[in-house]
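What follows is the residue order along each chain.
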Amino acid sequence: GVVQVAVRPGFFQDAGLTADSGRNASLALWTMEGRVIARTGLRPDQVDSLRADPAMMREVLAGHALTRQVRSGFDGVERIIALRQVPGWPVVAAAAIPLESALAPFSRAHGWSLGVLVVSCLMVAGLAFAALRLGERATASAREAEDARAQLEARVAERTAELAEANARLAEREQRYRGIF
């Protein structure tokens, strides 16, 4: 997008006026040499006293828009700063926001995703536990069925043996009866 700002220098000294730029955001203007001209929250004694990183300024002056994570020389806060030379002007405009503010939406989304992941893992663990329990029950039922089948076969074999013995006695008696008769 494109942003054009036209403000009185006093605007930069009153941080409350920049609240719509974001929580603890800072706006600044730098000379081509890297000296601060104006910055939100800047005291008059700080004008021209602080310098930008020379390597960053060389990159910006080479025509590159630049975004970096740096520790602010003004307040020591870790910030994400974007710098760009203002076309047709011998100044570099900068906008910076604290790292925590920049990462807040990501952190919220990450927290939500982590919550969904934890719930999903718990659900999968619950399903796995249920599947294991059902598997154990199926195995136990199969064992019981095998035991019942073995008992039934033993009883059938026993009854078959008893029946064969009874048939043998019957045949013997019948033979005796025929022999007598």
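Residues numbered from 1 in each chain as written. Predicted model: local features only at pLDDT ≥ 70, side-chain atom pairs only at ≥ 80, totals over all residues. Heavy atoms only, no water.

1. A few points about the confidence of the model for the protein
The share of residues in the protein with pLDDT of 70 or more is 82%, and the mean pLDDT across the chain is 80. Mean pLDDT values over the elements of the protein span from 50, in helix α1 (residues 10–13), up to 91, in helix α3 (residues 99–180). (pLDDT = per-residue confidence, 0-100. Helix = DSSP H or I, 4+ residues; strand = E, 2+ residues; numbered from the N terminus.)

2. Some details on the pairing of strand β2 (residues 36–39)
Bridge count for strand β1 (residues 26–31) against β2 is three bridges, and the pairing is antiparallel. By the bridge assignment, L29 is partnered in β2 with A38. With antiparallel pairing between neighbouring strands as the criterion, β1 and β2 make up a hairpin whose turn holds four residues, including G34 at a positive phi of roughly 95°. (Pairing = 2+ DSSP bridges.)

3. Examining the sheet that holds strand β3 (residues 66–71)
Taken together, the five strands give an open sheet; going across it, the order is β2-β1-β5-β4-β3, and neighbouring strands pair in antiparallel fashion. Because the sheet does not close on itself, it has two edges, and the strands there are β2 and β3. Direction aside, the axes of adjacent strands within the sheet are offset by 25° on average. Of the strands in this sheet, β1, β3, β4 (78–85) and β5 (91–98) touch helix α2 (residues 54–61), which is tilted by about 170° from β3. (Axes fitted to C-alpha atoms, helices over the stretch in contact; angles between N-to-C directions. Contact = heavy atoms within 4.5 Å.)

4. Here's the deal with the pattern of salt bridges
Opposite charge on two side chains permits them to pair, given that their charged atoms come into close proximity. Using the criterion set out here, one finds eight salt bridges in the structure. A salt bridge links E146 to R149; the nearest nitrogen and oxygen atoms lie 2.3 Å apart. With E146 and R149 both in helix α3 and three residues apart, this pair spans about one turn of that helix. Given a relative accessible area of 39%, R149 falls into the partly exposed group. Residues joined by salt bridges that share partners form a network here, namely E146, R149 and E153. (Salt bridge = Lys/Arg side-chain N within 4 Å of Asp/Glu carboxyl O. Buried < 20%, exposed > 50% of the residue type's maximum accessible area, 1.4 Å probe, protein only.)

5. Here we look at α2
Listing the buried residues of α2 in full gives M56, M57 and V60. The buried side chains of α2 occupy one side of the element, clustering within an arc of 95° when seen end-on. Exposed residues on α2 whose side chains face more than 90 degrees from its buried face are P54 and R58. The elements touched by buried residues of α2 are β1, β3, β4 and β5. Positioned one or two residues after α2, G63 has a phi angle of 95°, which is positive. (Arc of directions from axis to C-beta.)

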